[in-house]
Amino acid sequence: MPTSSSANAKKVRDLTEGALLPQILMFVLPLIATSVLQLLFNTADTVVVGRWGGSTPEECEISLAAVGSCGALVNLIINLFMGLSVGAGVCVAHGIGAKQYEDVSRVVHTAVITSLFCGIAVTVIGIAGAETFLTMMGTDPDVVGEASMYMRAYFCGMPACMVYNYCATMLRSAGDTVRPLGFLSVAGVVNVVLNLIMVLVFRLGAVGVGIATAASQWVSCILIVIFMMGTDGVCKIELSKMKVDKAKLKRIIFLGLPAGLQSSLFSISNVLIQTSVNSFGKVFVAGATAASNLDGYVYVSQNALYHAALTFVGQNLGAKKYDRLIRVVVLCTVVVTVVGVLLGSGVCFFGETLLKIFIPENPEAIEYGMIRLAFVCGTYFLCGLMEVGSGVMRGMGKAVTPMIVSLLGSCALRIVWIYTVFAMYPTPEILYLSYPVTWIITSLAHYIMCFFTIRKSRREDAIANKRVLN
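Parameters at a glance
Residues numbered from 1 in each chain as written. Predicted model: local features only at pLDDT ≥ 70, side-chain atom pairs only at ≥ 80, totals over all residues. Heavy atoms only, no water. Salt bridge = Lys/Arg side-chain N within 4 Å of Asp/Glu carboxyl O. Helix = DSSP H or I, 4+ residues; strand = E, 2+ residues; numbered from the N terminus. Buried < 20%, exposed > 50% of the residue type's maximum accessible area, 1.4 Å probe, protein only. Patch = residues over 30% accessible without salt bridge, like charges linked within 9 Å, V, L, I, M, F, W, Y side chains within 5 Å. Areas by Shrake-Rupley, 256 points an atom, 1.4 Å probe, with all protein chains shown as cover. Lys, Arg positive; Asp, Glu negative; His and termini not counted. Charge placed at Lys NZ, Arg CZ, Asp CG, Glu CD. Core = buried A, V, L, I, M, F, W, Y, C linked by side-chain atoms within 4.5 Å. Contact = heavy atoms within 4.5 Å. Axes fitted to C-alpha atoms, helices over the stretch in contact; angles between N-to-C directions. Parallel < 35°, antiparallel > 145°, perpendicular 65-115°, else oblique. Left-handed = near helix turned anticlockwise from the far one by under 90°.

Describing the pattern of salt bridges
Turning to step 1, where the next piece is worked out: Applying the stated criterion to the full structure yields nine salt bridges.
Turning to step 2, where the next piece is worked out: In this structure, Lys-321 engages Glu-17 in a salt bridge whose closest nitrogen and oxygen atoms are separated by 2.3 Å. Residue Lys-321 is located in the loop between helix 11 (282–318) and helix 12 (322–349), and its partner Glu-17 is located in the loop between helix 1 (4–9) and helix 2 (20–52); the two are separated by 304 residues in the primary sequence.
Turning to step 3, where the next piece is worked out: For Lys-321, a relative accessible area of 25% puts it in the partly exposed group.
Turning to step 4, where the next piece is worked out: Between Lys-320 and Asp-461 there is a salt bridge, and its shortest N-O distance comes to 3.6 Å. Of this pair, Lys-320 sits in the loop between helix 11 and helix 12 while Asp-461 is found in helix 18 (residues 428–469), placing the two residues 141 residues apart along the sequence.

Focus: a positive patch on the surface
Turning to step 1, where the next piece is worked out: On the surface, a cluster of positive charge is contributed by Lys-398, Arg-455, Lys-456 and Arg-459.
Turning to step 2, where the next piece is worked out: Topologically, Lys-456 is positioned in helix 18.

Re the nonpolar core
Turning to step 1, where the next piece is worked out: Counting residues in hydrophobic clusters, the biggest one holds 100 residues, and the most contacted among them are Met-151, Phe-155 and Met-228.
Turning to step 2, where the next piece is worked out: The element contributing the most residues to this core is helix 7 (residues 158–173), with eleven residues.
Turning to step 3, where the next piece is worked out: Setting aside chain neighbours within four positions, we find Phe-155 in contact with Val-74, Ile-77, Ile-78, Val-122, Thr-123, Gly-126 and Ile-127.

Things to note about a nonpolar patch on the surface
Turning to step 1, where the next piece is worked out: Nonpolar side chains collect at one region of the surface, where Val-189, Val-192, Val-193, Leu-196, Ile-197, Leu-200, Val-201, Phe-202, Leu-204 and Ile-211 lie side by side and expose about 800 Å² of accessible area between them.
Turning to step 2, where the next piece is worked out: At seven residues, helix 8 (residues 178–201) tops the list of elements feeding residues into the nonpolar patch.
Turning to step 3, where the next piece is worked out: For Ile-211, the location among the structural elements is in helix 9 (residues 205–230).
Turning to step 4, where the next piece is worked out: The class of Ile-211 is partly exposed, set by a relative accessible area of 35%.

Regarding the packing of helix 13 (residues 351–358) against helix 14 (residues 363–375)
Turning to step 1, where the next piece is worked out: Running from N to C, helix 13 and helix 14 point in directions that differ by 125°, and their axes come no closer than 10 Å. The orientation of helix 13 relative to helix 14 falls into the category oblique. As for how helix 13 packs across helix 14, the hand of that crossing is right-handed. From helix 13, Gly-351, Glu-352, Leu-355 and Lys-356 reach across to helix 14, where they touch Ile-366, Gly-369, Met-370 and Leu-373.

These figures come from the coordinates and say nothing about function on their own.
What follows is the structure, encoded as structure tokens:
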């Protein structure tokens, strides 16, 4: 009879063998589709409230600004806890690469419990502090009331959102990017249908789309948990094994907490940028919100390569295949650049037409939206390079270094930019220029660190192998 390890080996996607480029593309494409569906949650919110969120264009504008004002703040609150999923994913990838499947199982059960508690904590923080946080950001007084109601409804889905994302991250580390796409597809349909019902039938405006989004998050959560309880793969959830392994939790926190801190501190810089955006008035906020939805679709393609780099590097590091690991870095860099340039240019070219989907009767807001697209969307391939560099470092098991590089090169520099360059020249163009400038600097730093980290790890393994032979 086959051993447990050999049986599990047949149920994972081994990324340490075979042609790399087809494997990377097969990994990335479903992940991009999954991320696009997640964005459609927010896009559906934006389109529905932008068109039918009120009985007049002015009321629709307020509803749209209410949804848009919450984005950076929501990310600030959830990213610290969501970052731990990165740690779980890296642990799963390393375990699979080293063929240590029992360790993978302990990681999975520890991560599921952790995600549930993180989701509950985020829900409490978000609901209790919604209005206070929005007011501190300088949100337009006309918008604060509806925005806070939207946030409270949205955060009711946070426990489900956390569980789904942790589980999806671990499935991806096992090479499965298709099933999370299927679960999210179903949830996406639920979200769109409920959006229309809540806004058109019950006339609930922004709070209605918040309720719809929360409900759809619970749908995706339930589906992925049912699948993982029924699967025979390494990511199987078993109630009898549902306990926290202290050693695995420490490892997850060690690898994931820096990623969460990085994301949260990034969000602080984004909150400051959102505060600066708010200073230009609600028409500008409406245009910026619509544009951010569009450039978000370019970002997810770049972020998919981050996950690919992390997973492929993680498995190949576990298998000690450094030549293949280096080829992963090169291919991910090339693919993220090509995809970023093509998609970013395309969105900019069709920008006005696409913006009219969100704000059909507001030419001034469209004009403001085009400014963001030109400076942010058109240069998103630079962000992609930064993402790949960070993913490689995390896949190598380095948690603190990419955090420090990202915080100094992007977050801190962006904050300095706001209080110096933007303070002297307070225009939208100067505000948005902070994005490509910080992406370039951070990308260069990440790739330099990748070079030294790979060389050091390879040398250490060679020395260890010589000691074993001697």
